[in-house]
Amino acid sequence: MTRFLVRRFAQALIVIVGVILITFFLARLIPGGEAKAVLGAKSTTAGINRFNRLNGLDQPLYVQFWQYIEGIFAHLNLGYSYKYNQGVRQVIGERLPKTLTLVGASVLIALVIAIPLGILQVVRRNKPIDYVVTGGSFFFYAMPDFLFGTLLIIWFAFDLHWFPVSPPSDASAWAVFTDPRAFVLPVVTLAATTIASFSRYMRSSMMDAMAEDYIRTARAKGAGNHRVLYGHALRNALIPLLTLLGLSLPAIVSGALIVETVFNYPGMGLLTVQSAFNDDIPTVLGTTLVITVATVIGSLLADILYAVADPRIRLGGE
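Residues numbered from 1 in each chain as written. Predicted model: local features only at pLDDT ≥ 70, side-chain atom pairs only at ≥ 80, totals over all residues. Heavy atoms only, no water.

A.B. asks: Explain the overall build of the chain here, please?
C.D. replies: Check the secondary structure of the chain and you find 14 helices and two strands. Scored against the burial criterion, the 318 residues of the chain give a buried share of 41%. Partitioning the contacts of the chain with sequence separation of at least 6, the portion at a separation of at least 24 is 69%. Carbon and sulfur atoms make up 66% of the accessible area of the chain, which amounts to about 17,400 Å² in all. (Helix = DSSP H or I, 4+ residues; strand = E, 2+ residues; numbered from the N terminus. Buried < 20%, exposed > 50% of the residue type's maximum accessible area, 1.4 Å probe, protein only. Contact = heavy atoms within 4.5 Å. Areas by Shrake-Rupley, 256 points an atom, 1.4 Å probe, with all protein chains shown as cover.)

Written out as structure tokens, the structure reads:
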């Protein structure tokens, strides 16, 4: 177990360092450099040189990279946003909790709905309800987030006036508990595709579990259907779902970027899009790095949960 966790932590650290390296060089590959993007098309050579000198961009590349690494690990310095006139860390700190609320709520809802749906499909296999849920899963899995979100806005915000389009821009992450109606549409939009994916995987995992020898052994010993289904098959079918959860986090976070843009939700995704349109390069790179680190940490937690749930890994297996 210890070797497993050490190996996963080392892999996560390598991925994070690799992303830092990529973001560093991406900023240097911008035509005209960061100075051109900040100062605009009318910038002069003297102004660009002065900007580079003040920000250390005139130093050798290895010196710049070392300062970049040192700033991140020693001071959590992600750069300075010239649009917001404050540090990127402060800008992200205001938006990150809201994105975590959106992603966390959507994943929790997806698990609460997808697991019973998968079990229901196994219990009613090849029955009308199985076909209906399968068809609905394929429909929502193929539905683009931006289209589904737009339809929800038209139906439930504009036509029926049941929900607001999005929370106010100054709403805190805890507003989901004080004004949950404002979070319904973006959370449902992000959760829909996740539910479709998880329910299909849960159905497949349960069917594989029900075909195992230990299920036949349990039935031979007189265990009832409820005991076999929930006491044996479900526990083992949930283990692969933990892996799927970790692997799905990048897609869920990417979906959050689209959903936040559609609903004008004041999170990290909307911040990234707005910063890209405004040529706020430090903020774009900062949000990219933070989202990547959050995804790596989520995958690492999924690996840890997998190790806790599967005794073969706790005993030193793979």
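Next comes the rest of the account.
A.B. asks: Just to check I follow, could you spell out the side chain of Thr194 for this structure?
C.D. replies: Along the chain, Thr194 falls in helix H9 (residues 181-210). With a relative accessible area of 8%, Thr194 lands in the buried category. Apart from the residues within four sequence positions on either side, Thr194 is in contact with Ala110 and Ile252.

A.B. asks: Help me out: how do you make sense of the packing of aromatic side chains in this one?
C.D. replies: The geometry of two aromatic rings is summed up by the distance between their centres and the angle between their planes. Across all of its chains, the model carries eight aromatic pairs by this definition. Seen from their ring centres, Phe156 and Trp162 are 5.6 Å apart, and the 45° between their planes marks the pair as tilted. Classification of Phe156 as partly exposed rests on a relative accessible area of 22%. Ring centres of Phe183 and Tyr265 lie 6.0 Å apart, and the angle between their planes is 75°; this geometry places the pair in the edge-to-face category. Placement of Phe183 in helix H9 and of Tyr265 in the loop between helix H11 (225-263) and helix H12 (268-277) is noted, with a sequence separation of 82 residues between them. Judged on exposure class, the residue Phe183 and its partner Tyr265 are both buried. Through a chain of ring-to-ring contacts, the aromatic side chains of Phe24, Phe25, Phe65 and Tyr68 assemble into a single cluster. Taking NZ or CZ as reference, Lys83 lies 5.7 Å from the ring centre of Tyr84, over its face. (Phe/Tyr/Trp six-rings, centres within 6.5 Å; stacked < 30°, edge-to-face > 60°. Lys NZ or Arg CZ within 6 Å of the ring centre and 35° of its normal.)

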